Structure formats: C-alpha cells, structure tokens
Amino acid sequence: FFSNIKNIYNTKAQIVGYTLTVCPSGCLYQGAGGIQQAIEAAKDGDTILIQPGTYTSTRPIVVDPNYKYKNCLVDTKGKKITIKAAGATIDNANGGLNNEADQSTGICVLGGEVTIDSVALKQTLKPAIYIDNARVIIKNITTIDIDSSSIDVHNSQVMILNSVLTGGGMGI
C-alpha cells in the first residue's frame with residue numbers, strides 16, 4: 001500500500017467535471033438565459049450540454065463597459081469549461097439593431113480554457129466568437145449571417161477544427 005502513495009502524489013491531477021444540461025424549456029437551465037446560468041454555476045472541468053433547439057437572446061450581458069465588445073450573449077467567465085451542443089443554434093435577435101451600443105457578440109471567451117463544440121451561431125453584427133487572453137478549441141462550429149468577423153482572436157491560442165464560417169464580413 002505505501003509503495004503506491006508515491007505514485008499517487010506524482011500523478012498529475014486531471015479535472016473531471018459534471019455536465020450541466022440546458023434545454024429549450026422544462027429543465028433547470030432553460031432557454032437562452034439558461035446557457036449563461038449554467039456557465040455561472042459551472043466549475044472548472046464541467047461541460048455545458050445544450051440540447052437541440054434555437055436559443056434566441058434579446059438581452060445581452062454587459063461583460064465590461066470599457067471593453068471593446070462589452071455586450072455578449074454568452075460569457076464564459078474565464079473558466080475551464082466545455083460548451084457542447086447537439087443541434088443547437090444561439091440566435092442573436094438583437095444583432096439587427098441599428099444602435100451599435102446594443103449589438104452583441106455571440107460568445108465571449110475572456111481568459112480561461114474553453115472548448116466550444118457543435119454550436120451554430122446566428123445573426124451577429126459583432127464577432128460570433130470573441131477570444132482574448134485564452135486557450136480555446138473550436139470544433140464543429142457553424143456561423144450564419146455574421147456581419148463582422150466570425151471569430152475575433154487576441155493574445156490567445158486557438159485551434160479551429162471542422163467548422164464552417166460563413167457570412168463574415170472580415171473572416172477570422
């Protein structure tokens with residue numbers, strides 16, 4: 001038994017988390033607001049699983065009034081999490097507003113380590129995904145009707161796999 005203690009202490013700990021499920025209705029985290037509620041409840045290592053459906057948001061989150069893209073539909077809060085969807089679309093209903101101050105970025109990743117998997121992002125005049133000072137894996141993403149850059153990256157490490165980025169006025 002004591003010979004195994006050395007191995008236990010020398011093993012690098014991996015974060016293994018829980019799955020928080022978001023659904024269109026009828027569960028703890030529901031609708032577009034439920035995505036952010038699940039992220040706020042998440043701990044490092046958790047997965048936010050978004051069930052099939054369209055999640056339309058009309059109320060963005062003010063991340064930081066002094067930040068370049070202060071309004072976000074989803075803010076990952078600098079956590080180490082995975083956002084995974086199965087046929088879900090995050091639709092920015094306020095993306096067509098003429099007042100630039102009211103327009104929103106889809107997903108803001110400001111710090112942390114985030115994997116975004118199988119999410120469709122629709123109708124943003126700001127970037128679909130804004131990344132700053134983070135490590136991010138983006139896979140199986142689709143952007144639809146994006147008038148700005150699909151993905152805007154600053155001071156970050158990003159891997160993009162198997163994704164379709166369309167409608168971006170400025171590309172990545």
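Parameters and conventions
- Residues numbered from 1 in each chain as written.
- Predicted model: local features only at pLDDT ≥ 70, side-chain atom pairs only at ≥ 80, totals over all residues.
- Heavy atoms only, no water.
- Helix = DSSP H or I, 4+ residues; strand = E, 2+ residues; numbered from the N terminus.
- Buried < 20%, exposed > 50% of the residue type's maximum accessible area, 1.4 Å probe, protein only.
- Contact = heavy atoms within 4.5 Å.
- Areas by Shrake-Rupley, 256 points an atom, 1.4 Å probe, with all protein chains shown as cover.
- Pairing = 2+ DSSP bridges.
- Axes fitted to C-alpha atoms, helices over the stretch in contact; angles between N-to-C directions.
- Disulfide = S-S within 2.5 Å.
- Core = buried A, V, L, I, M, F, W, Y, C linked by side-chain atoms within 4.5 Å.

Caption draft 1: Here's a closer look at the overall build of the protein. Helix and strand content of the protein: two helices and 15 strands. Scored against the burial criterion, the 172 residues of the protein give a buried share of 41%. Across the protein, contacts joining residues at least 24 apart in sequence account for 49% of those joining residues at least 6 apart. Of the roughly 9,100 Å² of accessible surface on the protein, a fraction of 50% belongs to carbon and sulfur atoms.

Caption draft 2: Main features of the sheet that holds strand E8 (residues 105-110). What the five strands build is an open sheet, ordered E5-E6-E8-E10-E13; its pairing is mixed. What marks the edges here is a single partner per strand, and that holds for strand E5 (61-62) and strand E13 (151-154). Pairing of strand E6 (residues 71-75) with E8 involves three bridges; the strand directions are parallel. Of the residues in E8, the one forming a bridge with Asp-75 is Cys-108. Strands in contact with helix H2 (residues 31-41) are E5 and E6; relative to E6, the strand with the most contacts, it is inclined by about 60 degrees.

Caption draft 3: Region of interest: the state of the cysteines. For the structure shown, the criterion picks out two disulfides. Cys-23 shares a disulfide with Cys-27; S-S distance 2.0 Å. Between Cys-23 and Cys-27, the S-S dihedral sits near -125 degrees, and the bridge is therefore left-handed. Each sulfur in the disulfide pair Cys-72 and Cys-108 lies 1.8 Å from the other.

Caption draft 4: Seen up close, the pairing of E8. Burial runs high along E8: five of the six residues are buried. The pairing of E8 with strand E10 (residues 129-132) spans four bridges and is classified as parallel. Across the sheet, Ile-107 pairs through a bridge with Ile-129, a residue of E10.

Caption draft 5: Main features of the side chain of Thr-76. Along the chain, Thr-76 turns up in the loop between E6 and strand E7 (80-92). When residues no more than four places from it in sequence are discounted, the contact partners of Thr-76 are Ile-39, Ile-81, Ile-83, Ile-107, Cys-108, Val-109, Leu-110, Gly-111 and Val-114.

Caption draft 6: Expanded view of the nonpolar core. Within the largest apolar cluster, 33 residues are counted, with the highest numbers of intra-cluster contacts made by Ile-48, Ile-50, Ile-116 and Ile-129. Setting aside residues up to four positions removed in sequence, Ile-116 forms contacts with Ile-83, Ile-107, Val-109, Ile-129, Val-136, Ile-137, Ile-138, Lys-139 and Ile-141.

Scope: geometric values only; no functional claims are made or implied.
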